[in-house]
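Now for the letters of each chain:
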Amino acid sequence: MTTAAHSPDRVAPAAPNPDGTGTAAPSPDGVPADVPGPGSAGAGAGRSGGARPGAGGGGPGATVAWRVPAALSARVPAEQRGSGRDDVRLLVSRGCAVSHHAFRELPGQLRAGDVLVVNTSMTLPAAVNGRVGGERVVVHFSTRGEDGRWAVELRAPGGPGGTGPRPGGPAGAVVRLPGGRALVLEEPLGPSAGARLWWARTPEPVPELLRRYGRPIRYGYTERDQPLSAYRTVFAAPSPDGSGSAEMPSAARPFTAALVAELVRRGVLFAPLSLHTGVASAEVHEPPYPERFTVPAATAWLVNAVRAARGGGRASGGRVIAVGTTAVRALESAAGDDGVVRPAGGWTDLVVTPRRGVRVVDGLLTGLHEPQASHLLMLEAVAGREALRRGYEAALRERYLWHEFGDVHLILPDEERNAPNCSSNE
């Protein structure tokens, strides 16, 4: 397996080197309270970010400016609001043209030969209660390093189900976990001043620890705790080493087995890959840390074959449509300057921006992102600025729902060569 090459459009890597050196990218009653240890009390409001800021890269405010009313936050999963996971709305942008649909109408928006690139990463129960000295904390397990350590974020318990930021570290701090377990903070990811994520060791394999004591990471805007199954998609598959995503690759959440079967019946193809998402920075919307990904040989072959079959245009033949920004990040990390996708894996620090553009992806199915979210630069790279602006204006006007349990946005290329007043994604 090869590791994606670094480019000027990528952030400085914080992931461990292949040899494991360097830096990378329950109930409180079950936690012993009488064990001394260093720590300081956290402060701040409950965590309220929506989709993980992941794959865009800072400063999206100049791209699209708006405010999302609190009433448009999806507080419970679609199956608790309606008839099933696929009972969400689908906003479709074809260039600057916007239309409104039910998600169940997705097969009618695609065509035979299109390939949907899906992330098979399984969401982990990544939040565990703990204590640092006498201070209660919530440990968010973010990313597994090559050396067996895990990147973790310590959060301060907030309001109902939410958490707030707290100072990271210090090095050597012992975090007591349920069942007599513990982890030790070793070093920060990146500069130590204000570091949010720290490398930590625990004597017990983390997947087993999470299975016994973990729960899904929950944001403050959600109404109540949900079972882990609510945070896993129909495409999720277990990883051999127990790795997975700290936060759900949520664009694929509305898919059901029946809808996948209908898409296949109509000639739509599926190409799996994996990218294990880390913990979002809800307060500061920083660019993403490096994340582990794998693009299998079969997926690379299929994507290249679809692109080659249509020749020089997209007006006919299959299109490559990523399901989620995580799929874009992984697939584009495996693409060379020539636009050819090669089997790849390891760590990616790629940030997709309008300046870089996209080399492989023609379209994107994604959730609706907050105005500060760095995802928006990726969306602009795919759709173009004017198309993105019109899509989000329509979503607000028609009161679409935001966040991981909300509605979704299908961005397709404008295949009319002379579309007026709309920047394209080329």
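The structure this text deals with has already been given above.
Residues numbered from 1 in each chain as written. Predicted model: local features only at pLDDT ≥ 70, side-chain atom pairs only at ≥ 80, totals over all residues. Heavy atoms only, no water.

(A) Layout of the pairing of strand β4 (residues 127-132). Taking burial as the measure, the 6 residues of β4 include 6 buried ones, the bulk of the element. Neither face of β4 is left uncovered, since the one carrying A127, N129 and R131 and the one carrying V128, G130 and V132 both have all their residues buried. Bridge count between β4 and strand β5 (residues 135-144): 6 bridges; the pairing is antiparallel. Pairing of N129 across the sheet is with V138, part of β5. Following β4, the chain reverses through 2 residues before pairing antiparallel with β5; G133 in that reversal takes a positive phi of roughly 65°. (Buried < 20%, exposed > 50% of the residue type's maximum accessible area, 1.4 Å probe, protein only. Helix = DSSP H or I, 4+ residues; strand = E, 2+ residues; numbered from the N terminus. Pairing = 2+ DSSP bridges.)

(B) Local environment of the pattern of salt bridges. Taken as a whole and judged by the stated rule, the model has 27 salt bridges. Measuring nitrogen to oxygen at the nearest pair gives 2.9 Å for the salt bridge that ties E135 to R166. With E135 in strand β5 and R166 in the loop between β7 (163-164) and β8 (174-176), this residue pair connects regions lying 31 residues apart in the sequence. Overall, the relative accessible area of 12% leaves E135 in the buried class. The buried category is assigned to R166, whose relative accessible area is 9%. With a shortest N-O distance of 3.2 Å, R385 and E380 are connected by a salt bridge. Taking the relative accessible area as the measure of exposure, R385 reaches 41% and is therefore partly exposed. (Salt bridge = Lys/Arg side-chain N within 4 Å of Asp/Glu carboxyl O.)

(C) The arrangement of the sheet that holds strand β15 (residues 363-367) in detail. Taken in spatial order, the 9 strands line up as β2-β1-β16-β15-β13-β3-β11-β12-β14 in an open sheet, and their pairing is mixed. Of all strands in the sheet, those with a lone pairing partner are β2 (97-102) and β14 (344-348), marking the two edges. Neighbour-to-neighbour, the strand axes of this sheet turn through a mean angle of 20°, independent of strand direction. Pairing geometry for strand β3 (residues 115-119) and strand β11 (residues 269-275), over 5 bridges, is parallel. If you follow L116 over to β11, its bridge partner there is F270. In this fold helix α5 (residues 297-309) packs onto β3, β11, β12 (291-295) and β13 (320-323), with an angle of close to 135° to the strand it touches most, β11. (Axes fitted to C-alpha atoms, helices over the stretch in contact; angles between N-to-C directions. Contact = heavy atoms within 4.5 Å.)

(D) Looking closely at helix α3 (residues 206-213). Along α3, the positions that sit buried rather than exposed are V206, L209, L210 and Y213. Around the axis of α3, the buried residues are gathered within 95° of arc, so they sit on the same side. Check the buried side of α3 and you find it contacts β4, β5 and β6 (150-157). (Arc of directions from axis to C-beta.)

(E) Spotlight on helix α4 (residues 257-265). L259, V260 and L263 are the residues of α4 that are buried. Viewed end-on, α4 has its buried residues packed into an arc of 100°, placing them on one side of the element. Opposite its buried face, α4 presents the exposed residues A257, A258 and R265, each directed more than 90 degrees away. Those residues of α4 that are buried are in contact with α2 (106-109), β3 and β11.

(F) Spatial organisation of the side chain of E332. With respect to the secondary-structure elements, E332 resides in helix α6 (residues 325-333). By relative accessible area, which is 0% here, E332 ends up buried. Contacts of E332, omitting those with residues within four sequence positions, involve L350, R356, V358, R359, V360 and V361.

(G) Representation of the packing of α6 against helix α7 (residues 375-383) within the structure. Two elements in contact, α6 and α7, have axes separated by 11 Å at closest approach and are oriented at 70°. Our classification of the angle between α6 and α7 gives roughly perpendicular. In this structure, α6 crosses over α7, and the sense of that crossing is left-handed. Note on element contacts: α7 touches α6 through H375, M378 and L379, opposite T325, V328 and R329. Across the contact of α6 with α7, the residue classes break down as 3 nonpolar, 2 polar and 1 charged. (Parallel < 35°, antiparallel > 145°, perpendicular 65-115°, else oblique. Left-handed = near helix turned anticlockwise from the far one by under 90°. Nonpolar A, V, L, I, M, F, W, Y, C, P; charged D, E, K, R; others polar.)

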